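These are the residues of each chain, in order.
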Amino acid sequence: MFKRILVPLDGSKLAESVLPSALDLAKHYQATLILFHVLEKDVPISIHGQYHLGKYDEARNYLKAFSDQFVADGIQVEIDVHEPRQTDVARSISEHARELQAELVILCAHGQGGWRDIIIGSIAQQVIYLETIPVLLIRPDQVKNDSTEGYKTILVPLDGNPVHESALPIAASLALKFRAELRLLSIVPTSEHLKAKDAAIGRILPASTMLSLDLFAQESKEYLEKVASEFSNQGIHVSGQVVRGNVVPRILETVKLEEIDLVVMASFGHRNFDAFWEESTTPKVLSKSSAPVLIMKETKGE
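Residues numbered from 1 in each chain as written. Predicted model: local features only at pLDDT ≥ 70, side-chain atom pairs only at ≥ 80, totals over all residues. Heavy atoms only, no water.

Student: Help me understand the overall build of the chain, please; the structure alone is not making it clear to me.
Tutor: On a plain count of helices and strands, the chain comes out with 10 helices and 12 strands. In the chain, buried positions account for 54% of the 302 residues. By element, 50% of the accessible surface of the chain is carried by carbon and sulfur atoms, the whole surface being about 13,900 Å². (Helix = DSSP H or I, 4+ residues; strand = E, 2+ residues; numbered from the N terminus. Buried < 20%, exposed > 50% of the residue type's maximum accessible area, 1.4 Å probe, protein only. Areas by Shrake-Rupley, 256 points an atom, 1.4 Å probe, with all protein chains shown as cover.)

This is the structure we're talking about:
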């Protein structure tokens, strides 16, 4: 599934924090790592108190040093430094991901402005909006000391919408490669967590609303059991869970309490999130999850 993995680097230790995960994925998938740098216009001398790559030769030498190290470890590596200088880093990453035929982009979430703004809601989010290629977001605080552990538990939030099931093939592939447990999660709102329109109906017809929510919970349980059965037949250790409450807090709570190693989510990748995947869901999970998040963009027929 992942034969070519793009890893944008800016020369900072923070950006380099994604490399152990990138190497682990490359080894499991026998993939080629593409180490990539965008030369920026009006680049500052330092980022995060560290010297920032501002010249073509030094950027290429920087990437080549990593390349030599990884090749010696048996990893296939390509390096690419983009010039002329750019002001739109997100678009450059997106365009080169397609040009270089990458099947996964791994980004570190950190900083402010340009390369200094690969952060939730900015460059990383823009790349998700721009690209249909899966994007793996890793914050420095999510990096494990022992990268050899890999992924042991993978969480996929689902709501019954077939569009969001596009996260399942990636999650299943990762579960097989890493021999991880695949956990499916469906969240049914309680009456106090309904949207404004539904909440108004709930106040008028509380008994009917509770009955509808109970029915939705039962349907969600049956749905997860069906999906779990399909993946269990493929030899994947899989389980499903239906919980009640507010979507984002329950996802984040599950990630933390169950010590999830990776969250795989499908997103429309633009500003027309609806129902379960309202606009704030994906950014909030990305910014607050204690585990890295892999986003698979769906275009909803676009």
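There is more to say after this.
Student: Just checking my understanding: could you explain the confidence of the model for the chain for this structure?
Tutor: Predicted coordinates in areas of low pLDDT are best not read in detail. Chain-level pLDDT for the chain is 79 on average; 73% of the residues reach the 70-or-more range. Across the chain, the secondary-structure element scoring lowest on mean pLDDT is helix 7 (residues 196-204), at 47, and the one scoring highest is strand 8 (residues 153-157), at 96. This model gives residues 111-121 a pLDDT under 50, and the stretch forms 42 contacts once residues within four places in sequence are excluded. The model gives residues 199-205 a pLDDT under 50, and that stretch makes 3 contacts with residues more than four places away or in other chains. (pLDDT = per-residue confidence, 0-100. Contact = heavy atoms within 4.5 Å.)

Student: Can you walk me through the nonpolar core in this structure?
Tutor: Counting 57 residues, the largest nonpolar core has Leu25, Ile154, Leu174, Leu182, Leu184 and Val264 as its most contacted members. Contact partners of leucine 182, with chain neighbours within four places excluded, come to Ile154, Val156, Ala171, Ala172, Ala175, Phe231, Ile236, His237, Val238 and Ser239. Grouped together as the second largest cluster of nonpolar side chains are 32 residues, Val243, Val247, Met265 and Ile295 included. (Core = buried A, V, L, I, M, F, W, Y, C linked by side-chain atoms within 4.5 Å.)

Student: What am I meant to see in the pairing of strand 12 (residues 293-297) here?
Tutor: One face of the sheet, then the other: side chains in a regular strand alternate in exactly this way. Among the 5 residues in strand 12, 5 count as buried, and that is most of the element. Residues Val293, Ile295 and Lys297 point to one face of strand 12 and Leu294 and Met296 to the other, with burial holding for every one of them. As paired strands, strand 7 (residues 135-138) and strand 12 are joined by 3 bridges and run antiparallel to one another. Bridge assignment links valine 135 to a residue of strand 12, and that residue is isoleucine 295. (Pairing = 2+ DSSP bridges.)

Student: Hey, could you run me through the pairing of strand 1 (residues 4-8) in this one?
Tutor: Counted residue by residue, strand 1 has 5 buried out of 5 residues, so it is predominantly covered. Both faces of strand 1 are covered, namely the face carrying Arg4, Leu6 and Pro8 and the face carrying Ile5 and Val7. Here strand 1 runs beside strand 2 (residues 32-40); their pairing, made up of 5 bridges, is parallel. Its bridge partner lying in strand 2, valine 7 is registered against leucine 35. Judged from the 2 bridges that link them, strand 1 and strand 6 (residues 104-108) form a sheet pairing that is parallel. Of the residues in strand 6, the one forming a bridge with leucine 6 is valine 105.

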